[in-house]
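Residue-level structural notes
In case you want the letters, here they are:
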Amino acid sequence: MRDERQVFEEIDDSQARVWGFHTARLRHRLAENELFTDESLAGLIETIDPRHMDITTMGEDVSTWSHCDRAGLSGAEVLEAVRRGRLWINMMAMENVDPRFADLLGRMYSELEEAVPGFRTFKRKLCLLISSPNAQVFYHFDRPGQGLWQVRGRKRIWIYPPTEPFLPPVNVENVMRSLDLEDLPFEPWYDDYAQVYDLEPGDMLHWALNGPHRVTNYDMLNVSLTTEHWTDQVRRSYAMNYGNGILRRDLHWRPRSRSLDGPGFWAKVALTGAWRATGLHSRTSYKRVLTHQVDPDAPLGRRALAEKDQVVVSI
Ligand SMILES: [Fe+2]
């Protein structure tokens, strides 16, 4: 008999075999879960530590994001603003916020590790995304292994090959070393090389490591989850890119190998360790400046704050 708390529908042999190498599309059962009803989401919005919740909005220039203050609105009012406006709520590290999400994250990965031979993960994270009709996420890549889980609404995702020219090594190196953001240069013709998926409630996608992607919501409120994980291979790839970045940018030596094994690889691991031990790597502390506040009655679900009213949140 099936456990009622089981996260995935059946994971078949072909899905297990492409996992990690190509895009795998799986089916999950979270769309029925009471964690994601309007009432539950409104409660989370009201009680979450603001450091775990980033409410963003797109500017008129669609490539820039601004941060928004909840401004004491109820969870229901914030959801109404998301429904009517152009907002994107990212509730981060939910496994540290609410034990129900910690339990869910554990189940997700225990089912995956059981189904996929050799798949062992650590440093897992779960984020909850609540986003407006037609909202977009621009072309970027993520450092660790990624999963995208569609719970409510529909969205389209374009996933591009994790190789040149779509993912230039120098960009990856700078992001791994926290010298740069995860945005990448984009050209419209890249779409000719993309895999395109329309995600419905119950769909889950996992793609090849660092695969660049962009997302557009269809014309309704979307509720999605993202998961992150590290594996031995993710850690090796991180060390290789970090080491290549030191060689290229600081030692002016063009790295020739992206191998994840052998003496060259282990020399990069040693170089990365030595470099980090010197304290030369950047140590940045982040602050979020809230330049807008959520407002369900404003045209885009938010309005700009005067400079004197802007709020700074340390994260
Ligand atoms: Fe992403």
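In what follows, the structure referred to is the one given above.
The rules behind each value
Residues numbered from 1 in each chain as written. Predicted model: local features only at pLDDT ≥ 70, side-chain atom pairs only at ≥ 80, totals over all residues. Heavy atoms only, no water. Salt bridge = Lys/Arg side-chain N within 4 Å of Asp/Glu carboxyl O. Helix = DSSP H or I, 4+ residues; strand = E, 2+ residues; numbered from the N terminus. Buried < 20%, exposed > 50% of the residue type's maximum accessible area, 1.4 Å probe, protein only. Pairing = 2+ DSSP bridges. Axes fitted to C-alpha atoms, helices over the stretch in contact; angles between N-to-C directions. Donors = N, O, S within 2.8 Å, 3.2 Å for Na, K, Ca; no water. Phe/Tyr/Trp six-rings, centres within 6.5 Å; stacked < 30°, edge-to-face > 60°. Contact = heavy atoms within 4.5 Å. Disulfide = S-S within 2.5 Å. Expected span 1.5 Å × (residues − 1).

1. Observations regarding the pattern of salt bridges
A complete count under the given rule lists 18 salt bridges for this structure. The residue Arg 17 makes a salt bridge to Asp 13 at a minimum N-O spacing of 3.6 Å. In this pair, Arg 17 and Asp 13 both sit in helix α1 (residues 13–18), four residues apart, roughly one turn of the helix. Looking at Arg 17, the relative accessible area reads 62%, which means it is exposed. Its relative accessible area of 53% is what places Asp 13 among the exposed residues. Asp 203 is paired through a salt bridge with Arg 25; the nearest N and O atoms lie 2.9 Å apart. With Asp 203 in strand β10 (residues 203–206) and Arg 25 in strand β1 (residues 24–27), this residue pair connects regions lying 178 residues apart in the sequence. A relative accessible area of 4% places Asp 203 in the buried class. Overall, Arg 25 belongs to the partly exposed group, its relative accessible area being 35%. When salt bridges with common partners are traced through the structure, they connect Arg 25, Arg 27 and Asp 203 into a single cluster.

2. Details of the sheet that holds strand β8 (residues 155–159)
Each strand in a sheet pairs with its neighbour through backbone hydrogen bonds, running either in the same direction (parallel) or in the opposite one (antiparallel). What the four strands build is an open sheet, ordered β6-β11-β8-β9; its pairing is antiparallel. Edge positions in the open sheet fall to β6 (136–140) and β9 (195–199), since each of these has one partner strand only. Across the sheet, the axes of successive neighbouring strands diverge by a mean angle of 15°, strand direction being ignored. Two elements, β8 and β9, share five bridges in a ladder whose sense is antiparallel. Paired with Arg 156 across the strands is Asp 198, a residue of β9.

3. Some remarks on the coordination of the iron ion
In an ideal tetrahedron of four donors about a metal, each angle is 109.5 degrees. In an ideal octahedron of six donors, the angles are 90 or 180 degrees. The protein atoms that coordinate the iron ion are His 140 (NE2), Asp 142 (OD) and His 213 (NE2), at distances of 2.2 Å. Sequence positions of the donors to the iron ion reduce to the motif H-x1-D-x70-H. Highlighted residues: His 140 in strand β6 and His 213 in strand β11 (residues 213–217), separated in sequence by 73 residues. Under the relative-accessibility criterion, His 213 is labelled buried at 4%.

4. Concerning the packing of aromatic side chains
By the definition in use, this model includes 18 aromatic pairs. Geometrically, the ring pair formed by Trp 189 and Tyr 193 is edge-to-face, given 6.1 Å between the ring centres and 80° between the ring planes. Since its relative accessible area comes to 41%, Trp 189 is described here as partly exposed. Grouped by ring-pair contacts, the aromatic residues Tyr 139, Tyr 160, Phe 166, Phe 186, Trp 189, Tyr 190 and Tyr 193 constitute a single cluster.

5. A closer look at the environment of Pro 201
Counting through the fold element by element, Pro 201 comes out in the loop between β9 and β10. Residues Pro 201 and Leu 126, spaced 75 residues apart in sequence, show a C-alpha to C-alpha distance of 17 Å. The contact partners of Pro 201, leaving out residues within four places of it in the chain, are Arg 27, Ala 31, Gln 150, Val 151, Arg 152 and Gly 153.

6. Concerning the state of the cysteines
Under the defined criterion, the tally for this structure stands at zero disulfides. Cys 127 takes part in no disulfide bond, and the closest cysteine sulfur, belonging to Cys 68, lies 18 Å away.

7. A word on helix α6 (residues 232–250)
Under the 1.5 Å per step criterion, the end-to-end length of α6 is 26 Å for 19 residues, consistent within 8% with the ideal 27 Å. Along α6, the residues that are buried comprise Val 234, Ser 237, Tyr 238, Ala 239, Met 240, Asn 241, Tyr 242, Gly 243, Asn 244, Gly 245, Ile 246 and Leu 247. Directly after α6, the chain includes His 252, whose backbone phi takes a positive value near 55°.

Coordinates in, geometry out; function isn't part of it.
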